[in-house]
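Residue strings, one per chain:
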Amino acid sequence: MWEKVLAMAKRRGFIWPAFDIYGGMRGFYDYGPLGAELKKNILKIWRDYYVVQEGMAEIDSPNLSPEDVFRASGHLDKFEDYMTVCEKCGSAFRADKLLNIEHADSLSADELWEEMQKEKIKCPECGGPLSKPEPFNLMFKTRIGPKGKRERVGYLRPETAQAMFMDFSYLYRYFREKLPFGAVQIGKGFRNEISPRQGLLRLREFNMAEAEVFFDPENKSWPGFDRYADDEILLLPNTGGEMRISLGKAVKKGIIKNEALAYFIGLTRDFLLKIGIDEGKLRFREHLEDEMAHYADDCWDAEVLLSYGWVEIVGIADRTDYDLKRHMEFSGERLVAMRRYDEPKEIERLEAVPDFKKLGPLFKKDAKKVAEALKSMDPSALKGAVKVKVDGKEYEVPESAYTVKKVKKKVSGEEFIPHVIEPSYGIDRILYAVLEHNYNEIEEEGETYRILSLPPSVAPIKVAVFPLMPKDGLDSMALDIYRDLLRMGFRAVYDDSGSIGRRYARMDEIGTPYCITVDYQSLEDGTVTIRMRDTKEQVRLKIHELPEKLKEMGMSGGMRG
RNA sequence: GCAGGCGUGAUCUAGCUGGUUAGGAUAAGGGCCUUCCAAGCCCUUUGCCCGGGUUCGAAUCCCGGCGCCUGCACCA
């Protein structure tokens, strides 16, 4: 099946292998004119959901990031594997997985090699000797800046999410310090896949649309949840089994852990159906514990049934406060939100007050740090001489250098690190799924007709205009209509070559929902026929009624819907 | 990354035990014809994945690379 879809996609200009004249490069594809248009339409609808309806803020950040970012995000460690190859049968393995010790995944190449020799590890397949482990990081590494001192190591981002975390404080202020709010980004991600395959399903450079929804972990209810609460969805929870259940019930029964997650499952389903994913081939599957990404606490994938099997196209992950916490730790910046009380509270609490007259002479340069360490300790536990640790050194602070006092303070709220729900969409996979789910072949009189039943809103070409014959003034009339439609912002084509049936067939194959034909009656009464792709049904109407009719049939003009 | 299979115009394919100008179908462009679903006729365009070797001669045999497919491994 995918061969047929990909052959059509290649022939008609949806998808082309990239760098083809140089032999191609696996894991890289070009979108041809129709594919680029289709992608644009899918993203437009995605934005309608996330940016327009949900009011999320769209940002746009660099593809290339300095190393620090991925040190914090965990991708540098968790994304790097050491591979060892059997010198006899050629099988490749992750070195750390072959060892019988704990935390083998944190060892260096040399340590792994040492350990492998100690344990006398042989190839699990054939018993042959294994090579020294070689690092393999899924991120593309490069250098930023001129060679020399100024040079920094950079990586192409493996996901777009990090920017939303790094910009958290800006976003929080932008949203006037109110949660929940969401930020989205549409962009490219890069992963140096070991063995990309299966067309658009595993690319090395891919398009993704991600939303990071920040909310208070104490309140995982979701404002508009009612909208999707009654939607019946096919769920596969990680406790096993398969069920069709409404989202409201799933939350009540604890199958989906909170409303926020469930809401975005509902929204994702709504979006996918809108762009033409087949409902009967859609399900939501919860990740198994050991399947989860290093940052995720829970994750539901939207999976679609393709000729390759069930394929993940959207991941909806509960990233908790993992990312903000890590960036706080690595950058030293405070990435927190405020939970405001209804009224400011006056609270009384114990506080350690250091006496710098004493601390100064005692600890010199480190005095300030000692004081800070002292303040961060539990004041009720402070008694007598206290030991504090500063930069690995231990100091003893005498009782006379500080006092513990009761202090009254006005507090208008408390700080906390927001949690994040992340719906992450693989646009290329989604686009392919839309093609495959809408691709139909009909055998008629020994000939194969192909119809791409795309929803009008995503179809790359919205309408075609044909003269029945390219003569007798039919052609000039059709050209006028075509130009008017273009001016009104419709994606239209004009075609007068070959027989009319051939032209319809061409349009059917690329999913054009409507064809307008100018015939001899048109010359007499100013009417044309409009033909529906899926039913081949024709309706006759006045030319001036066309724009209204086209809009009514569920498609938007390019300019404004 | 390993193993196996495969690679002929835009698409599908014949030729592949070496031997003329690599054949067909579809598509595409032009023309004729044609009053609504890939009709017909004429003309035209595009090809042996890349590189090396063996040979008088390679699409064909051998080696290497690249790509595609399947399996294994990998897929935060």
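Residues numbered from 1 in each chain as written. Chains lettered and ligands numbered in written order. Predicted model: local features only at pLDDT ≥ 70, side-chain atom pairs only at ≥ 80, totals over all residues. Heavy atoms only, no water.

Draft legend 1. A look at the protein's contact with RNA strand B. In the vicinity of RNA strand B, 49 residues are found, and the nearest of them are Arg191, Ala293, His294, Tyr449 and Arg506. Take the atoms of RNA strand B that sit within 4 Å of the protein: sugar and phosphate atoms are 52% of them. A distance of 3.0 Å is found between a sugar or linking oxygen of RNA strand B and a backbone nitrogen or oxygen belonging to glycine 23. In this structure, threonine 529 approaches RNA strand B through a side-chain N or O atom, which is 2.9 Å from a base nitrogen. Going through the elements one at a time, α1 (2-12), β6 (92-94), β23 (447-452), α17 (500-510) and β27 (527-532) are the ones with two or more residues in the surface near RNA strand B. (Near = heavy atom within 4 Å. Polar contact = N/O pair within 3.5 Å; in protein donor to acceptor, adjacent residues only side chain to side chain. Helix = DSSP H or I, 4+ residues; strand = E, 2+ residues; numbered from the N terminus.)

Draft legend 2. Fine view of the nonpolar core. If you look at the biggest cluster of nonpolar residues, it comprises 80 residues, and the most contacted ones within it are Phe14, Tyr50, Ile256, Phe264, Leu272, Ile275 and Tyr425. Per-element tally for this core: the top contributor is helix α11 (residues 259-274), with nine residues. Three or more residues apiece are contributed to this core by two domains, here domain 1 (2-79 + 138-321 + 421-428) and domain 4 (461-552). Those residues within four positions of phenylalanine 14 in sequence are excluded, and the remaining contacts are Met8, Ala9, Asp30, Tyr31, Gly32, Leu34, Gly35, Leu38, Leu435, Leu452, Pro460 and Ile510. (Core = buried A, V, L, I, M, F, W, Y, C linked by side-chain atoms within 4.5 Å. Buried < 20%, exposed > 50% of the residue type's maximum accessible area, 1.4 Å probe, protein only. Domains from an automatic or database assignment. Contact = heavy atoms within 4.5 Å.)

Draft legend 3. Seen up close, the confidence of the model for chain A. On average, chain A scores 85 in pLDDT, and the residues at 70 or more come to 89%. Summarising per-element confidence for chain A, the mean pLDDT is lowest in β6 (66) and highest in strand β3 (residues 57-58) (96). In this model residues 557-561 is a low-confidence stretch, pLDDT under 50, and it forms eight contacts with partners more than four residues away in sequence or in other chains. Model confidence for the complex is summarised by a pTM of 0.84, with the ipTM given as 0.85. (pLDDT = per-residue confidence, 0-100.)

Draft legend 4. Examining helix α12 (residues 322-331) more closely. Looking only at α12, the buried set comprises Tyr322, Asp323, Leu324, Arg326, His327 and Met328. The secondary structure elements touched by the buried residues of α12 are α3 (67-73), α7 (161-166), α8 (168-174), β11 (205-215) and β16 (309-320). Once α12 ends, the next one or two residues include glycine 332, with phi positive near 80°.

Draft legend 5. Highlighting unusual backbone geometry. Residue leucine 179 is joined to proline 180 through a cis peptide bond whose omega torsion reads -5°. With respect to the secondary-structure elements, proline 180 resides in the loop between α8 and β10 (181-190). Residue glutamate 177 is not a glycine yet carries a positive backbone phi of 55°. Mapping glutamate 177 onto the fold places it in the loop between α8 and β10. Backbone geometry at lysine 536 places phi at a positive 60°, although glycine is not the residue there. Its place among the elements puts lysine 536 in the loop between β27 and β28 (538-542). Among the residues examined, lysine 536 registers a relative accessible area of 45% and is labelled partly exposed.

Draft legend 6. Focus on the sheet that holds strand β14 (residues 282-286). Here we have nine strands laid out as an open sheet, ordered β3-β10-β11-β21-β16-β15-β14-β12-β13, and mixed in their pairing. With partners counted over all chains shown, the strands left at the sheet margins are β3 and β13 (243-246), one partner each. Here two bridges tie strand β12 (residues 232-236) to β14, and the two strands are oriented parallel to one another. Bridge assignment links leucine 235 to a residue of β14, and that residue is phenylalanine 284. (Pairing = 2+ DSSP bridges.)

Draft legend 7. Focus on a nonpolar patch on the surface. On the surface, Phe19, Ile21, Tyr22 and Met25 cluster together into a nonpolar patch covering about 550 Å² of accessible area. Along the chain, the position of methionine 25 falls in the loop between β1 (15-17) and β2 (29-31). For methionine 25, a relative accessible area of 43% gives the class partly exposed. (Patch = residues over 30% accessible without salt bridge, like charges linked within 9 Å, V, L, I, M, F, W, Y side chains within 5 Å. Areas by Shrake-Rupley, 256 points an atom, 1.4 Å probe, with all protein chains shown as cover. Salt bridge = Lys/Arg side-chain N within 4 Å of Asp/Glu carboxyl O.)

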